[in-house]
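Below, each chain spelled out in residue letters.
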Amino acid sequence: VQLQASGGGLVQPGGSLRLSCAASGSGINIMGWYRQAPGKQRELVASIGSDGRTNYADSAKGRFTISRDNAKKTVYLQMSSLKPEDTAVYYCSAQKSYNPNYYYWGQGTQVTVSS
């Protein structure tokens, strides 16, 4: 599985940004977004199963929306009401049905929220 993320950039506080991640390969079940800020551990932002069930970090609830297009094997993260503390490198992830404990990772895309 290969993952190609895009959509990061610089945005002002309160702004919006949409991340995309296209996957190649088969048998993908869960896709998600994680982020890592400088000096901090990588943390889950949101994930979505192939059945559409979603899971959000508390920090993302009400502001971020994860979605996916199974036909395109693409997952999206719509981020709104962005805050400076959302600044991080965002990583796309994928887990296969038969080995859910193994994570595939994309290359990461920088999101900077600053005025």
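Worth saying up front: this structure is predicted, and the values here are computed from it rather than measured. (Residues numbered from 1 in each chain as written. Predicted model: local features only at pLDDT ≥ 70, side-chain atom pairs only at ≥ 80, totals over all residues. Heavy atoms only, no water.)

Chemist: In this structure, what is going on with the pairing of strand 11 (residues 109-113)? I would like to understand it.
Modeler: The side chains of a regular strand alternate between both faces of the sheet. Burial along strand 11 is one-sided: the face carrying Thr-109, Val-111 and Val-113 is buried and the face carrying Gln-110 and Thr-112 is not. In this structure, strand 2 (residues 9-11) lies alongside strand 11, joined through 3 bridges in parallel fashion. Looking across to strand 11, one finds that Val-11 is bridged to Val-113. Both strand 9 (residues 88-96) and strand 11 contribute to a ladder of 3 bridges, which runs antiparallel. (Buried < 20%, exposed > 50% of the residue type's maximum accessible area, 1.4 Å probe, protein only. Helix = DSSP H or I, 4+ residues; strand = E, 2+ residues; numbered from the N terminus. Pairing = 2+ DSSP bridges.)

Chemist: Would you mind showing me how to read the environment of Ser-59 here?
Modeler: Mapped onto the secondary structure, Ser-59 falls in the loop between strand 6 (54-56) and strand 7 (64-69). A polar contact of 3.4 Å, which involves the side chain of Ser-59, links it to the side chain of Arg-35. (Polar contact = N/O pair within 3.5 Å; in protein donor to acceptor, adjacent residues only side chain to side chain.)

Chemist: Quick question: what am I supposed to make of the packing of aromatic side chains here?
Modeler: To describe a pair of aromatic rings, you give the distance between the ring centres and the angle between the ring planes. In total, this model carries 4 aromatic pairs according to the counting rule given. With 4.8 Å between their ring centres and 75° between their planes, Tyr-102 and Tyr-104 make a pair best called edge-to-face. Their ring planes at 15° and their centres at 5.8 Å tell us that Tyr-103 and Trp-105 sit as a pair that is stacked. Relative accessible area serves as the criterion here: at 30%, Tyr-103 is assigned to the partly exposed category. In this structure an aromatic cluster arises from ring pairing among Tyr-34, Tyr-103 and Trp-105. In this structure, Arg-42 packs its charged tip against the face of Trp-105, placed 4.5 Å from the ring centre. (Phe/Tyr/Trp six-rings, centres within 6.5 Å; stacked < 30°, edge-to-face > 60°. Lys NZ or Arg CZ within 6 Å of the ring centre and 35° of its normal.)

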